[in-house]
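Fold and contact review
So the chains spell out like this:
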Amino acid sequence: ADCRYTCHQECRSLIQLDCRRPGQGQSQLSPESSLVPPCSQNVAQTVEEEKPEPPTVQEIKQRIEKYNAKVTNCLLMKLNDDGTYTGFIKVHLKLRRPVSVPAGIRPPSIYDALREVNLAEMTDKRTSFYLPLDAIKQLHISSTTTVSEVIQGLLKKFMVVDNPQKFALFKEMRKDGQVLFQKLPPTEFPLYLRLLAGPDTEVLSFVLKENETGEVEWDAFSIPELQNFLMILDKEEKDKIQQVHRKYERFKQRLQQTLKEARSKPG
C-alpha cells in the first residue's frame, strides 16, 4: 500500500518487505504493507488458501441460466443430467516461436475428424511453422475438461507435434485499464472460469502462450531441436567474438594514430 510493490500472485508467499510508513520508527514494520508476516525473515512460507466449497447442482443451474441470458450468439452452455455441463471457450494463440508440424501432410478433413484419424502419426518428417499471431480457436468442452486437456486438444487441431509441456494456458483479465495475465495450473477447469466470468471476453479470455517457467525443461525438446539450439548458440558466440575483435581493433587503430600524431609534433 505504501511502496506500491508489485509481484505475481503465486510469488506472494515468497516476498518479504520491510515497509515503513512515514514518521514511524526504523524498527517498526507496517503490517498492512508487508506481504508476509514479519516473523518469516529468512524462511519462505507457503500460505495455504482455503478452497471454496464446490457449487451445488442447483447453483450451477442458476449460473448457467444467468450466463445464457447474456449470450448474444448461439454459444450456450448446457447442463447435463449428471451435474456436468458443456459450453464453448475461445482461445487466443499468441505464440512467438515456431511449432513443429508434420511435413507434407494435408489438413485434416471432416471425415478424418469423425474417424479420429491422427495424420501426424503417418510421417516422421517434421517442419517448423509459425502459427498466425493472435489467431483464435473455438473449443467445445465439458466442465470436467482440464487446462492440460485443452492444450492437448489445441495442439491436435493444429497438428502440432511439440511436447505439450512447452505451452501454457493463461487467463487474460482487464482491470483499471490494465491487461493482466495469470498462468493457469494444468488441473484448472477453464469452462468453470468462463461460467463465473460470464460470456464477455473483455472481462476474461484465454490465451495460449509459451510456457515460460524460468527453467528450461530440456526433456520436452527433441534431439533435432536441441541440435538446432547448439547451432544457434555457436553462431551467436562466434558473432559476439567478432564484435569484440572489431571493437578492440578500432580502439587499437585510434591509439596508433594518436601516437603517430603525437610523435610527429615538434618538441
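Basis of the calculations
Residues numbered from 1 in each chain as written. Predicted model: local features only at pLDDT ≥ 70, side-chain atom pairs only at ≥ 80, totals over all residues. Heavy atoms only, no water. Helix = DSSP H or I, 4+ residues; strand = E, 2+ residues; numbered from the N terminus. Expected span 1.5 Å × (residues − 1). Buried < 20%, exposed > 50% of the residue type's maximum accessible area, 1.4 Å probe, protein only. Arc of directions from axis to C-beta. Contact = heavy atoms within 4.5 Å. Salt bridge = Lys/Arg side-chain N within 4 Å of Asp/Glu carboxyl O. Pairing = 2+ DSSP bridges. Axes fitted to C-alpha atoms, helices over the stretch in contact; angles between N-to-C directions. Left-handed = near helix turned anticlockwise from the far one by under 90°. Nonpolar A, V, L, I, M, F, W, Y, C, P; charged D, E, K, R; others polar. Phe/Tyr/Trp six-rings, centres within 6.5 Å; stacked < 30°, edge-to-face > 60°. Lys NZ or Arg CZ within 6 Å of the ring centre and 35° of its normal. Patch = residues over 30% accessible without salt bridge, like charges linked within 9 Å, V, L, I, M, F, W, Y side chains within 5 Å. Areas by Shrake-Rupley, 256 points an atom, 1.4 Å probe, with all protein chains shown as cover. Lys, Arg positive; Asp, Glu negative; His and termini not counted. Charge placed at Lys NZ, Arg CZ, Asp CG, Glu CD.

Take helix H1 (residues 57-70) next. Residues three or four positions apart in an α-helix share a direction because the helix packs 3.6 residues into each turn. The end-to-end C-alpha distance of H1, which contains 14 residues, comes to 20 Å, matching closely the 20 Å that a straight helix rising 1.5 Å per residue would cover. By the burial criterion, the buried members of H1 are Ile60, Ile64 and Tyr67. For H1, the angular spread of the buried residues around the axis is 65°, confining them to a single face. H1 presents Lys66 and Ala69 as exposed residues on the side facing more than 90 degrees away from its buried surface. Structurally, H1 contributes buried residues whose contacts are with strand E1 (78-79), strand E2 (85-93) and helix H4 (190-197).

Next up on the list: the pattern of salt bridges. Tallied over the full model, the rule gives six salt bridges. Here Glu202 and Arg174 are joined by a salt bridge, their closest N and O atoms 3.2 Å apart. Here Glu202, found in the loop between H4 and strand E8 (204-210), pairs with Arg174, found in strand E6 (residues 167-175); they are 28 residues apart in sequence, far enough to count as distant. Residue Arg174 is classed as partly exposed on the basis of its relative accessible area of 46%. The partner of Asp239 in a salt bridge is Lys235, and the shortest N-O contact between them spans 3.1 Å. Of this pair, Asp239 and Lys235 both sit in helix H5 (residues 223-264), four residues apart, which is roughly one turn of the helix.

The next thing to look at is the pairing of E8. Every other side chain in a regular strand lies on the same face of the sheet, so the side chains alternate between the two faces. Of all seven residues that make up E8, six are buried, and the element is covered over most of its length. Relative to E8, E2 runs parallel, the two being bridged by three bridges. If you follow His92 over to E8, its bridge partner there is Val207. Note that E6 and E8 share seven bridges and pair antiparallel. Following the sheet pairing, Glu172 is matched in E8 by Ser205.

Unlike most non-glycine residues, Met159 shows phi in positive territory, near 60°. Checked against the element boundaries, Met159 lands in the loop between helix H3 (147-157) and E6. Look at Met159 and you get buried, because its relative accessible area is 13%.

Take the packing of H1 against H4 next. Their axes nearest at 9 Å, the elements H1 and H4 cross at an angle of 65°. The chirality of how H1 crosses H4 is left-handed. Between H1, through Ile60, Arg63, Ile64 and Tyr67, and H4, the contact on the second element is made entirely by Tyr192, Arg194, Leu195 and Leu196. The class makeup of the residues in the contact of H1 with H4 is six nonpolar, no polar and two charged.

With that settled, the discussion passes to the packing of aromatic side chains. On inspection of all chains with the given rule, the structure shows zero aromatic pairs. Geometry around Phe170 places Lys209 over its ring, the cationic atom sitting 5.2 Å from the centre. When the ring centre of Phe181 is taken as reference, the NZ or CZ atom of Lys209 above it lies at 4.5 Å.

Turning our eyes to something else, we now look at a positive patch on the surface. Taken together, the side chains of Lys240, Arg246, Lys247, Arg250 and Arg254 present a region of like positive charge at the surface. Relative to the assigned elements, Lys247 resides in helix H5.

The subject of this paragraph is the side chain of Ser205. By the secondary structure assignment, Ser205 is in strand E8. For Ser205, a relative accessible area of 6% translates into the label buried. Leave out the neighbours within four places in its chain, and Ser205 touches His92, Phe170, Lys171, Glu172 and Arg194.

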